[in-house]
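# Residue-level structural notes
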Amino acid sequence: MPHFVIDCAAELIGEPSEETVNQQIHELAAASRLFDVSDIKVRINPYQNYLVGGKKEPFIHVFAHALEGRTPEQRAALSRAVVGRLVELFPDVDNIAMNVSEFEQASYCHRKHL
């Protein structure tokens, strides 16, 4: 935990590479000191078919999912840092956003908990 799932327009993938984007987001998550580095997971879902405002406009949205325990200020700072880095990597993309969702510890299960 946590998971950073990056949904985006497929045409954005290439330069920078998918690996570069994943690495950049992983580094920001690690630098936040909110998570154990070995637990951070990052992946990209590029979409061929999509609409933004009824048009085919490029977009990036990061869905971060983490166990509860961070303050709203910590989650907001993480979102600002990730969106800021994505704006640097994709300066021509107007639709870049992120949200951080927390889920409760009580309902989380990992195989090592069995």
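The text that follows walks through the structure, step by step, so that each part is easy to find.

Reading the values: rules and limits
- Along each chain, residues carry numbers from 1 onward, in the same order as the chain's sequence is written.
- The model is predicted, so local features are restricted to residues of pLDDT at least 70 and side-chain atom pairs to those at 80 or more, both for listing and for counting; the totals for chains, interfaces and linings are taken over all residues.
- Only hydrogens and water are set aside when side-chain values are computed; all heavy atoms of the structure are taken into account.
- In this analysis, axes come from line fits to C-alpha atoms, helices being fitted only over the stretch in contact, and the angle between any two N-to-C directions falls in the range 0 to 180 degrees.
- Put simply, DSSP marks the helices as runs of H or I at least four residues long and the strands as runs of E at least two long, and each gets a number from the N terminus on.
- Relative orientations are named as follows: roughly parallel for angles under 35 degrees, roughly antiparallel for angles over 145 degrees, roughly perpendicular for angles from 65 to 115 degrees, and oblique for any other angle.
- Crossing handedness is defined as follows: a turn of the near helix away from the far one that is anticlockwise and smaller than a right angle gives a left-handed crossing, while the clockwise case is right-handed.
- We call two residues in contact when some of their heavy atoms are within 4.5 Å.
- Burial classification: accessible surface area is computed with a 1.4 Å probe over protein chains only, and a residue below 20% of its type maximum counts as buried, one above 50% as exposed, and the rest as partly exposed.

## Topic: the packing of helix α1 (residues 18–31) against helix α2 (residues 72–89)
Where α1 meets α2, the axes come as close as 10 Å, and the angle between the chain directions of the two elements is 150 degrees. The angle between α1 and α2 falls in the class roughly antiparallel. Every pair of crossing elements has a handedness; the one defined by α1 and α2 is right-handed. Two secondary-structure elements touch here, α1 through Val21, Gln24, Ile25, Leu28 and Ala29 and α2 through Leu78, Ala81, Val82, Arg85, Leu86 and Leu89.

## Here we look at the environment of Met1
Its location among the elements puts Met1 in the segment before β1 (3–9). According to the relative accessible area criterion, Met1 is buried, its value standing at 14%. C-alpha of Met1 to C-alpha of Gly53: the two residues are 52 residues apart in sequence and 32 Å apart in space. When sequence neighbours within four positions are dropped, the list of residues in contact with Met1 reads Asp39, Ile40, Lys41, His65, Ala66, Leu67, Phe103 and Tyr108.

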